Amino acid sequence: PQTLRETLQEVIPAKQEQLKKLKTEHGNAVVGDVKVDNIIGGMRGLKAMLWDASVLDPIEGIRFHGLSIPDCQKVLPPAPGGKEILPESMLWLLLTGQVPTPEQTLGLSRELAEKGELPKFLEDLVDSFPQTLHPMTQLSMAVAALNHDSSFQAAYEKGIKKTEYWTHTLEDCINLIARLPALAARIYRNVYKPDTPLPTINKDLDLVGNYSNLLGYGDNESLTEYLRLYIALHGDHEGGNASAHTAHLVGSTLADPYLAYSAALSALAGPLHGLANQEVLRWQMAMQKELGSDVSLDQIKEYLWKTLKSGQVVPGYGHGVLRNPDPRFIALQEFCETRPELRDSPIIKLVQQTFQVAPDVLKEHGKTKNPYPNVDAASGCVLYHYGLTEFKYYTVIFGVSRALGALTQLVWARALGLPLERPKSVSIDVLQQLVKQA
Ligand code: AMX
């Protein structure tokens, strides 16, 4: 079977041609308008970015190269003996637009495992961080430091042709994805399980098999399968979300993929974005503590109102684009239903009960445009059930995942020769003048 590189080499020219033709024939075509609300409202709804790997429909949710989540669950190869999507197969799909064969997926798993060890200087750097430093800060700093060995940066310094950018970008991206499990697991061990021996990477295991093993949960097959599904599903969610967009913006300056992804991780660390899964768990645990174990739906409703009246958001609900329950949330719910231990878990039960009442409460509250759960409403609680209880760490797992989509797009941005991103900003006075002229 073809390698990932060979497959990309084959698909890139056709896309380059497609884009060139679009630009030549329709460069001046108008595809939308800009309202004052778009400008002052966080650019919501503005179609202003090219992102080829996934498209988010407000009602249907995400599609990866046209495939919905249930489609992906049907066609993307799982781990040998497993059922859930392997993140490697999702990475292949995102990068090439093609569904990989099990052999191609296995080949990619092996390549990632072979490249997975951390350089010594990085281990020393991570080991020098104070245990009290937030795991996301550690991840972002360490990913930036990996640019010490950036192939793109070295090649750029030497002087390469623009047409060669993408091959060096791809090399960096694959190396970074390969190293994330060892890096993320080292942070976990240092912060939460210091002085426990860290296993080495097993060349015969997939990316998440290794990650789970390095975290110390390798013998929990259910958690490992959950992490495969979680990491595959969180990989990409269009280009406009804060982490993906940050990677794209920073990458557009021709900063190397390590710097671009480090910046993306800082965006992911915000509570309105990736930190939400830690917030959901904190909130759901506080609810459990206050209401006890056997709670009624009315008690949950009351608790929701208490949260809203105190001026806080209900974590895990609402979305910048989605206007329906997030299909990723649904996929995680279905995972819970297949495992008897999760069906009986008090924290998962509470998540499901909350889902029964929260949309109506949020509708009545009347502020949010989307009263339904996003993926974070469930994701952290499953980790908690399986014993991964350190919720400050959860966003790091999201960070391991989001690399699949954000780095894919960096490869494509270089392959398509996309320019430096530089939107036009206006002052309030200028905006007022523009309104008068309109
Ligand atoms: N609870 C209470 N109020 C909410 C709400 C929620 N879950 N979601 C939105 N609102 C409020 C907003 O705060 C805003 O109020 P304001 O007018 O007083 O500022 C109003 O409803 C309109 O917001 P919106 O247009 O519906 O949402 P948005 O696009 O501005 O923000 C999001 C989207 C996700 C930040 C928001 O829904 C939120 O804060 N949700 C809770 C946190 C969360 O779950 N984040 C995870 C997002 C997914 C991810 O990135 N992992």
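All residue numbers here refer to positions counted from 1 along the written sequence of the relevant chain. A pLDDT threshold of at least 70 governs which residues receive local features in this predicted model, and a stricter bar of 80 or more applies before side-chain atom pairs are shown or counted, although totals over entire chains, interfaces and linings include all residues.

Engineer: Is there a simple way to explain the overall build of the protein chain in this structure?
Structural biologist: Along its length, the protein chain carries 21 helices and 2 strands. Using C-alpha atoms as the atom set, the radius of gyration is obtained and then compared with a globule rule of 2.2 Å times the number of residues to the power 0.38. Its C-alpha atoms give the protein chain a radius of gyration of 22 Å, within 12% of the compact-globule value 22 Å for 438 residues. Along the first, second and third principal axes, the C-alpha atoms of the protein chain reach 65 × 65 × 45 Å. The burial criterion counts other C-beta atoms lying within 10 Å of a residue's C-beta, which is placed from the backbone; the residue is buried at 20 or more, exposed at 12 or fewer, and partly exposed between these limits. In the protein chain, which comprises 438 residues, the share counted as buried stands at 45%. Note on conventions: DSSP H or I runs of at least 4 residues are helices, E runs of at least 2 residues are strands, and numbering of each starts at the N terminus.

Engineer: Is there a simple way to think about the environment of Pro373 in this case?
Structural biologist: Checked against the element boundaries, Pro373 lands in the loop between helix H18 (346-365) and helix H19 (376-385). Residue class for Pro373 comes out buried when judged on the 29 C-beta atoms lying within 10 Å of it. For Pro373 and Gln352, which are 21 residues apart along the polypeptide, the C-alpha to C-alpha distance reads 11 Å. Those residues in contact with Pro373 that lie beyond four places of it in its chain are Gly316, Tyr317, Pro325, Asp326, Phe329 and Phe355. By the criterion used throughout, residues are in contact when their C-beta atoms, derived from the backbone, lie within 7 Å.

Engineer: It is not clear to me how the UniProt feature "active site" (unreviewed entry) in the protein chain should be interpreted in this structure. Could you clarify?
Structural biologist: UniProt positions are given in the numbering used here, feature names are shortened, and annotations may be inferred rather than shown by experiment. The UniProt record marks His273, His319 and Asp376 with the feature "active site" (unreviewed entry), using the residue numbering of this structure. In summary, the annotated positions, though distributed over 104 residues, converge in three dimensions, the widest C-alpha pair being only 10.7 Å. Structurally, His273 is set in the loop between helix H13 (257-268) and helix H14 (276-291). Given 18 C-beta atoms within 10 Å, His273 falls into the partly exposed group. Filtering out sequence-adjacent residues up to four positions away, His273 remains in contact with Ala242, Ser243, Ala267 and Leu268. Turning to its location among the elements, His319 is positioned in the loop between helix H15 (297-309) and helix H16 (327-338). Not counting chain neighbours up to four residues away, the residues in contact with His319 comprise Asp326, Asn370 and Asn374.

Engineer: Explain the packing of helix H4 (residues 87-96) against helix H5 (residues 102-114) here, please?
Structural biologist: Two quantities define a packed helix pair, namely the angle between the axes and the distance from one axis to the other. Interaxial angles span 0 to 180 degrees and are taken between N-to-C directions of axes, which are lines fitted to C-alpha atoms, for helices over the stretch in contact. Orientation of H4 relative to H5, taken along the N-to-C sense of each, is 105°, at an axis distance of 9 Å. With respect to each other, H4 and H5 are oriented roughly perpendicular. The residues of H5 that touch H4, namely those facing Glu88, Ser89 and Trp92, are Gln104, Thr105, Leu108, Ser109 and Leu112. Within the contact of H4 with H5, the residues separate by chemical class into 3 nonpolar, 4 polar and 1 charged. Roughly parallel means an angle under 35 degrees; roughly antiparallel, over 145; roughly perpendicular, 65 to 115; everything else is oblique. Classification used: nonpolar for Ala, Val, Leu, Ile, Met, Phe, Trp, Tyr, Cys and Pro, charged for Asp, Glu, Lys and Arg, polar for all others including Gly.

Engineer: Would you take a moment to explain H14 for this structure?
Structural biologist: An α-helix turns once every 3.6 residues. As a result, residues three or four positions apart point the same way. Taking 1.5 Å of rise per residue, the 16 residues of H14 would be expected to cover 22 Å, and the 22 Å separating its terminal C-alpha atoms lies within 8% of that figure. Listed in full, the buried residues belonging to H14 are Ala276, Asn277, Gln278, Glu279, Val280, Leu281, Gln284 and Met287. A positive phi of about 85° marks Gly292, the residue just after H14. To estimate the expected span of a helix, subtract one from its residue number and multiply by 1.5 Å.

Engineer: What should I look at first to understand helix H7 (residues 135-145) in this one?
Structural biologist: The complete set of buried residues in H7 reads Pro135, Met136, Gln138, Leu139, Ser140, Ala142 and Val143. The elements touched by buried residues of H7 are helix H6 (120-128), helix H9 (165-192), H13 and helix H20 (394-415).

Engineer: Help me understand the site of the ligand in this model?
Structural biologist: Around the ligand, the structure places 19 residues, and the nearest of them are Ala276, Val313, Gly318, Lys367 and Thr368. Taken together, the residues of the shell around the ligand sort by class into 7 nonpolar, 9 polar and 3 charged. Using a C-beta atom placed from the backbone, a residue is described as near a molecule or strand when that atom lies within 6 Å of it.

Engineer: Whenever I open this one, the pairing of strand E2 (residues 61-64) confuses me. Can you help?
Structural biologist: Consecutive residues of a regular strand have side chains that alternate between opposite faces of the sheet. Alignment of strand E1 (residues 54-57) against E2, held across 4 bridges, turns out to be antiparallel. Considered in E2, the bridge of Ser54 is made with Phe64. A pair of strands is treated as paired once DSSP finds two or more bridges between them. Connecting E1 to the next strand, E2, in antiparallel fashion are 3 residues.

Engineer: I keep staring at unusual backbone geometry and nothing clicks. Help me out?
Structural biologist: Excluding glycine, residues mostly have negative phi values, and the peptide bonds linking residues are mostly trans. We note that Asp195 has phi near 65°; this positive angle belongs to a residue other than glycine. Within the secondary structure, Asp195 sits in the loop between H9 and helix H10 (207-215). Asp195 sits in the exposed class, given 6 other C-beta atoms within 10 Å. Phi angles above zero are rare outside glycine, and Glu238 is one such case at about 65°.

Engineer: Sorry if this is basic, but what is going on with the environment of Ile69 here?
Structural biologist: With respect to the secondary-structure elements, Ile69 resides in helix H3 (residues 69-75). Judged by local crowding, Ile69 falls into the buried class, with 22 C-beta atoms found within 10 Å. Distance in space between the C-alpha atoms of Ile69 and Arg328 is 7.3 Å, their sequence separation being 259 residues.

Engineer: Help me understand the nonpolar core in this model?
Structural biologist: Nonpolar cores are identified as sets of buried Ala, Val, Leu, Ile, Met, Phe, Trp, Tyr and Cys residues joined via C-beta atoms within 7 Å. In terms of nonpolar packing, the biggest core is built from 117 residues, with Leu176, Ile177, Ala184, Tyr261, Ala264 and Leu407 touching the most fellow members. Among the elements that make up this core, the one with the highest residue count is H9 (16 residues). Dropping the residues within four chain positions of it, Ala184 is found in contact with Leu139, Tyr211, Val396 and Val400.

Engineer: Help me understand the packing of helix H11 (residues 221-233) against H16, please; the structure alone is not making it clear to me.
Structural biologist: At a minimum axis distance of 11 Å, the contact between H11 and H16 shows a crossing angle of 175°. With respect to each other, H11 and H16 are oriented roughly antiparallel. Contacts from Tyr226, Leu229 and Leu233 of H11 reach H16 at Arg328, Ala331 and Phe335. Residue classes in the contact of H11 with H16 are distributed as 5 nonpolar, no polar and 1 charged.

Engineer: In this structure, what is going on with the confidence of the model for the protein chain? I would like to understand it.
Structural biologist: Detailed reading of the predicted coordinates is not advisable wherever pLDDT is low. Of all residues in the protein chain, 100% attain a pLDDT of 70 or more, and the chain-wide mean is 96. In the predicted assembly, ipTM is 0.97 and pTM is 0.95. What pLDDT reports is the predictor's confidence in each residue, on a scale of 0 through 100.

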